Amino acid sequence: MTEQQPFASLEAAHSAGVYAKRPITLVRGSGATLYDDHGQAYLDCGSGIGVANIGHCHPTVVQAIAEQAATLTVCPEAFHNDQRALLQAELVQLFPAEFQRVFLCNSGTEAVEAALKFARMATGRTAIVAAMRGFHGRTFGALSATWESHYREPFMPLVPDFSHIPYNNIERLQNAITEQTAALIIEIIQGEGGIRPATAEFLQAAQTICHERGALLILDEVQTGFGRTGRMFAFEHYGLQPDLVCLAKALGGGIPMGAVVINQRVGELAIGTHGSTFGGNPLACAAARASLSVIRTEQLVDQTAEKGAWLLTQLQAIRSPKIREVRGLGLMIGIELKEKVSPYLQKLMNQHQIIALNSGSNVLRLLPPLVISWPELERVVATLRSMFE
Ligand SMILES: Cc1[nH+]cc(COP(=O)(O)O)c(CN[C@@H](CCC(=O)O)C(=O)O)c1O
């Protein structure tokens, strides 16, 4: 172990080796601040890839986890459980009345896998249409809907009968959705794919075409959900009535969790056709309930709409030959550069102690905790302005 980075070298010695690592060891978090093992503070604008919407180690969630950890953490879905029953009821309350059922799992990719399986089972069809640049997860089904070839190539063949259309292209959508299509799966804003918002026209057309032709509309809100875009769920901006909504990331307040919220239009799902050992476990459900209560009591959705509008305006006002476009919604913002983004991420972290993300090779992605303060936002704008102007 090296003196400066004792844990990094120890981790590197035993890690599977599939992750590119940044040269810091994070050991503590609070609100929008992270701390490394030398006590250095960082302003977090990544939220653990869109997980820490309510900030790190929120006391309400910490207390709920501690209490549930001392009560019951293991309870498979073969048995009823109080925390699960309450969470399911609280979750569907956030959706239109047609959504009455929830499948609980443990990650975004699991939520997507479940939604894809439910769509094939409910329609008796096999074709799945997804969008170019979309990201839906890394398990074989979700990966078959994910676009980037470097995620897919090493694992071919994937699941058959998946196809992709250009995002926001209604004509190609018209041609792709047929009587053999089980579902269309899309993001309202492509996150990993570059912070690319869908157009209202594309989303409305997607819903109309799917429902006219008997296909289901799956919205992958793993990244856009739980206030990230300034509404509790991004589909609310467009008044959509999807059939299956995939959730994860911020759902569990930092505890791994995924969910599929199911419109009654999908119909009954047969017992024994899908499942999960850890899905709906009491610990994750208690954490999720606490997280939802924080989002509600701290009015984080409205805060995000206000903070996000200000941040987008400030960043769009930066005049720089290096910036192609600044786009996004709420506190899900991308700065598309005319060059590689990684040097800027390193500079932000090493010289300014701000942690940001990439989307692809040239988009700087900002996903700060929704609890980020106004002074912290002003620091982000001032720092980026100094870097790019
Ligand atoms: C829209 C979306 N859907 C599904 C997933 C899969 O969720 P999970 O199984 O919990 O990771 C992700 C992860 N998005 C991150 C990619 C993570 C990875 O590299 O893998 C991201 O946006 O970078 C998404 O952003």
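No experiment lies behind these values; they were computed from the predicted model shown.

Engineer: Explanation requested: the layout of surface pockets in the structure shown.
Structural biologist: Empty space among the atoms becomes apparent when a probe as large as a water molecule is rolled across them. Put simply, the second largest pocket is a space of about 620 Å³. Lining the second largest pocket are 22 residues, with Glu77, Arg101, Val102, Phe103 and Leu269 positioned closest to its centre. Going through the elements one at a time, α4 (82-92) and β4 (99-105) are the ones with two or more residues in the lining of the second largest pocket. Counting residues per element, the lining of the second largest pocket draws most heavily on β4, which supplies five residues.

Engineer: How do you make sense of the sheet that holds strand β10 (residues 216-220) when you look at a structure like this?
Structural biologist: By definition, the strands of a sheet pair up through backbone hydrogen bonds, in either a parallel or an antiparallel sense. Reading across from one edge, β4-β12-β11-β10-β7-β5-β6 is the order of the seven strands in this open sheet, with mixed pairing throughout. In this open sheet, the two edge strands, each paired with only one partner strand, are β4 and β6 (162-165). With direction set aside, neighbouring strand axes in the sheet form an average angle of 20°. Where strand β7 (residues 181-186) meets β10, four bridges bridge the pair, whose relative direction is parallel. Bridging from a neighbouring strand, Leu184 pairs with Leu217 of β10. Of the strands in this sheet, β4, β11 (244-247) and β12 (258-263) touch α4, which is tilted by about 130° from β4.

Engineer: Is there a simple way to think about the nonpolar core in this case?
Structural biologist: The nonpolar side chains of soluble globular proteins are, as a tendency, buried together. By size, the foremost hydrophobic cluster in this structure holds 88 residues, and its most contacted members are Phe226, Leu315, Leu364 and Leu384. Per-element tally for this core: the top contributor is helix α10 (residues 282-297), with eight residues. Those residues in contact with Leu384, other than ones at most four positions away along the chain, are Leu315, Ile318, Ile335, Leu348, Leu364 and Leu366. Counting residues in each nonpolar core, the second largest holds 26 residues, with Cys105, Leu116, Ala130 and Cys246 among its members.

Engineer: Is there a simple way to think about the packing of helix α3 (residues 59-69) against α10 in this case?
Structural biologist: When two helices pack together, their arrangement is given by the angle between their axes and by how far apart the axes lie. α10 packs onto α3 with a crossing angle of 155° between their chain directions and a minimal axis gap of 8 Å. What the angle tells us is that α3 and α10 run roughly antiparallel. Classified by chirality, the crossing of α10 by α3 is right-handed. Contacts between α3 and α10 involve Thr60, Val61, Ala64, Ile65, Gln68 and Ala69 from the first element and Pro282, Leu283, Ala286, Ala287, Ala290, Ser291, Ser293 and Val294 from the second. When the residues that make up the contact of α3 with α10 are grouped by side-chain class, the tally is 10 nonpolar, four polar and no charged.

Engineer: How should I be thinking about the pattern of salt bridges in this particular structure?
Structural biologist: Side chains that differ in sign of charge can pair as their charged atoms come close. Per the counting criterion, the structure on display carries 10 salt bridges. For the salt bridge of Glu11 with Lys21, the shortest nitrogen-to-oxygen distance reads 2.3 Å. Highlighted residues: Glu11 in helix α1 (residues 6-14) and Lys21 in the loop between α1 and β1 (26-30), separated in sequence by 10 residues. Residue classification places Glu11 among the partly exposed residues on the basis of a relative accessible area of 41%. Between Arg324 and Glu336 there is a salt bridge, with its nearest N and O atoms 3.3 Å apart. With Arg324 in strand β13 (residues 323-329) and Glu336 in strand β14 (residues 332-337), this residue pair connects regions lying 12 residues apart in the sequence. Relative accessible area serves as the criterion here: at 10%, Glu336 is assigned to the buried category. Salt bridges sharing common partners tie together Arg324, Glu325, Arg327 and Glu336.

What counts and what doesn't
- Residues numbered from 1 in each chain as written.
- Predicted model: local features only at pLDDT ≥ 70, side-chain atom pairs only at ≥ 80, totals over all residues.
- Heavy atoms only, no water.
- 1 Å grid on protein atoms, 1.4 Å probe; cavity = no way out; pocket = protein on both sides within 12 Å on 5 of 7 lines; lining within 4 Å.
- Points joined across faces, edges and corners; volume = space filled by probe spheres on them.
- Helix = DSSP H or I, 4+ residues; strand = E, 2+ residues; numbered from the N terminus.
- Pairing = 2+ DSSP bridges.
- Axes fitted to C-alpha atoms, helices over the stretch in contact; angles between N-to-C directions.
- Contact = heavy atoms within 4.5 Å.
- Core = buried A, V, L, I, M, F, W, Y, C linked by side-chain atoms within 4.5 Å.
- Buried < 20%, exposed > 50% of the residue type's maximum accessible area, 1.4 Å probe, protein only.
- Parallel < 35°, antiparallel > 145°, perpendicular 65-115°, else oblique.
- Left-handed = near helix turned anticlockwise from the far one by under 90°.
- Nonpolar A, V, L, I, M, F, W, Y, C, P; charged D, E, K, R; others polar.
- Salt bridge = Lys/Arg side-chain N within 4 Å of Asp/Glu carboxyl O.

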